[in-house]
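Residues per chain are reported as follows:
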Amino acid sequence: MAPDTSPSDTVRKDHPPDSIGNTSSVRSIVGDSINKVTNLINENIILARYATITSVVLLTSFGMIKSPLFFRYKRVCDIPSYQFLNRKNIHGRIVGTLNTGEGGPIICFVRHLSPVGRLVPRSYSKGKNSTDAKDLLKVEIAGVIAPPFYYAGPGKEGPNDFLKRLASNHQAVKCTLLSRKISKPLNNTRDSTATSNSSRYSSDDRSSQYRPNDESGAEIDWRSFENEQIAVCKVQWKPATSILRKDLASSLINYGRASAGTGVYVEHKSMIATDGSKKLQDIEGDVRYLEQLGKNEYESVKNSAGMWNAQNVRDSRPDLVKEAEFDAQASWYSKLW
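Residues numbered from 1 in each chain as written. Predicted model: local features only at pLDDT ≥ 70, side-chain atom pairs only at ≥ 80, totals over all residues. Heavy atoms only, no water.

Q: Would you mind going over a nonpolar patch on the surface in detail, with residue names and values included?
A: Taken together, the side chains of V26, V30 and I34 make up a nonpolar region of the molecular surface, amounting to roughly 260 Å² of accessible area. Its location among the elements puts V30 in helix α2 (residues 17-65). Here V30 falls in the partly exposed class, since its relative accessible area comes to 44%. (Patch = residues over 30% accessible without salt bridge, like charges linked within 9 Å, V, L, I, M, F, W, Y side chains within 5 Å. Areas by Shrake-Rupley, 256 points an atom, 1.4 Å probe, with all protein chains shown as cover. Salt bridge = Lys/Arg side-chain N within 4 Å of Asp/Glu carboxyl O. Helix = DSSP H or I, 4+ residues; strand = E, 2+ residues; numbered from the N terminus. Buried < 20%, exposed > 50% of the residue type's maximum accessible area, 1.4 Å probe, protein only.)

Okay, here's the thing in structure tokens:
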């Protein structure tokens, strides 16, 4: 009887073992090559995907930082003229003071806050109090001048102590832009009126500055004097015991921490003022503001508040002191007479 033969046996007889091994090796090589190509494509797709996501995140972050929500002025020269002319408000924190001496302007170093920065807690900026930083605005408090030196006595507030305390606490303030003061170029002998009338630049160009010509006809770039620009502002602050903002100049005068000035800003022969509003209502408002500060100073002298308790300070303003003492001590019929 013939032995049974299966299909597999037939295959083995038709295909020798070496032929089967060669077929399997070629197939595995082709399969491995296809797998490698597929893995390479998949890995590159993943890398490209991650690169795309990273680029989108970085561009979005950069765009947010450059958006108005994060925008802040780092120098007074960056503030366009229309902000002063329209008396816009900016918000910031006082981080330092500048001692200009008796009768000089009261100048503070203010860090301008972006809309998002106003929401950040005060403790975040505690370490950023260097007055040498290039991103601080020099702000002159309008309507007041620095007091003379006086000896306050132990345990009492001395000259400039109050402002130093505000700076150490990084007091938040609102500044109303009134005018810009700029150092005069050495060769520029033009008066401040001519400069003020000429110093206008486009509201949509924040980097451009007034460029007058000196006597030789050469153009002067105001940006070379960017560190010498000062913003004259009405400053408002919020005491810890109040829910409403108060005028800082009035607070200084009421407590005998400063003297009332004769103008909105302190004039100096080496500086010119520009970008001030020419609107009649603004000028009238400034006059009323200065009159109110004068009245506040008169009451401060009557009450011998702060520096007005020092004899050398009272001796420096004999007419004002004499009138205030008469008003405080004289009888009612003497005042009528």
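Q: Kindly report on the nonpolar core, identifying the contributing residues and their values.
A: Counting 38 residues, the largest nonpolar core has I106, I141, L163, V235, L248 and L252 as its most contacted members. Among the secondary structure elements, those contributing two or more residues to this core are β1 (89-98), β2 (105-112), β3 (137-145), α4 (161-168), β4 (172-183), β5 (230-237), α6 (248-254) and α7 (280-302). Residue contacts for L248: discarding those within four places in its chain leaves I94, I141, F162, L163, L166, V235, Q236 and W237. The next biggest cluster of nonpolar side chains, apart from the first, holds eleven residues, and it includes A152, V301, V313 and L320. (Core = buried A, V, L, I, M, F, W, Y, C linked by side-chain atoms within 4.5 Å. Contact = heavy atoms within 4.5 Å.)

Q: For the pairing of β3, give the residues involved together with the corresponding values.
A: By the criterion of burial, β3 is predominantly enclosed, with seven of the nine residues buried. In this structure, β2 lies alongside β3, joined through five bridges in antiparallel fashion. By the bridge assignment for β3, I107 is matched with E140. In terms of strand pairing, β3 meets β5 through three bridges, oriented parallel. Across the sheet, E140 pairs through a bridge with V232, a residue of β5. Here β3 runs beside strand β7 (residues 259-260); their pairing, made up of two bridges, is antiparallel. Residue pairing across strands places I145 opposite S259, the latter belonging to β7. (Pairing = 2+ DSSP bridges.)

Q: Give a description of unusual backbone geometry that names residues and reports values.
A: In the Ramachandran plot, N160 falls in the positive-phi region, its phi being about 70° despite a non-glycine side chain. Positionally, N160 belongs in the loop between β3 and α4. Notably, H170 is not glycine yet its phi reads approximately 50°, a positive angle. Mapping H170 onto the fold places it in the loop between α4 and β4. Owing to a relative accessible area of 1%, H170 belongs among the buried residues under this scheme.

Q: Please provide a residue-by-residue account of the confidence of the model for the protein, values included.
A: In this model, the protein carries an average pLDDT of 76, and 67% of its residues clear a pLDDT of 70 or more. Taken together, the stretch residues 188-226 has pLDDT below 50 and engages in 72 contacts with residues farther than four places along the chain or on a different chain. (pLDDT = per-residue confidence, 0-100.)

Q: Run through the packing of aromatic side chains, naming residues and quoting values.
A: A complete count under the given rule lists two aromatic pairs for this structure. Consider the rings of F162 and W237, whose centres lie 5.5 Å apart with planes at 75°: the pair is edge-to-face. Of the two residues, F162 sits in helix α4 while W237 sits in strand β5, which places them 75 residues apart along the sequence. For the pair shown, F162 and W237 are each scored as buried. Note that K234 overlies the ring of Y289, its terminal NZ or CZ placed 4.4 Å from the centroid. (Phe/Tyr/Trp six-rings, centres within 6.5 Å; stacked < 30°, edge-to-face > 60°. Lys NZ or Arg CZ within 6 Å of the ring centre and 35° of its normal.)

Q: Could you give an account of the state of the cysteines, with specific residues and numbers?
A: The final tally for this structure, using the stated rule, is zero disulfides. Here C175 stays unpaired: no disulfide links it, and the sulfur of C233, its closest cysteine neighbor, is 4.8 Å away. For C175, a relative accessible area of 2% puts it in the buried group. (Disulfide = S-S within 2.5 Å.)

Q: So what's going on with the pairing of β1? Which residues, and what values?
A: For β1, the buried fraction is high: seven of the ten residues fall into the buried class. Where β1 and β4 come together, five bridges link them in antiparallel fashion. Within the sheet, the bridge partner assigned to R93 lies in β4 and is A172. Relative to β2, β1 runs antiparallel, the two being bridged by six bridges. Counted as the bridge partner of T97 is C108 from β2. Between β1 and β2, which pair antiparallel in sequence order, lie six residues; one of them, G101, sits at a positive phi of approximately 90°.

Q: If you had to explain the environment of V235 to someone new, which residues and values would you point to?
A: Tracing the chain through its elements places V235 in strand β5. In this structure V235 comes out as buried when scored by relative accessible area, which is 3%. Counting along the chain gives 96 residues from V235 to V139, while the straight-line C-alpha distance between them is 8.9 Å. Setting aside residues up to four positions removed in sequence, V235 forms contacts with V139, I141, V173, K174, C175, K246, D247, L248 and A249.

Q: Can you break down the side chain of D286 residue by residue, with the values?
A: Looking at the element boundaries, D286 is found in helix α7. Take D286: its relative accessible area is 10%, and that puts it in the buried class. In this structure the side chain of D286 is engaged in a polar contact, spanning 2.7 Å, whose partner is the side chain of R87. Non-local contacts of D286, meaning those with residues more than four positions away in its chain, are made with R87, K234 and V264. (Polar contact = N/O pair within 3.5 Å; in protein donor to acceptor, adjacent residues only side chain to side chain.)

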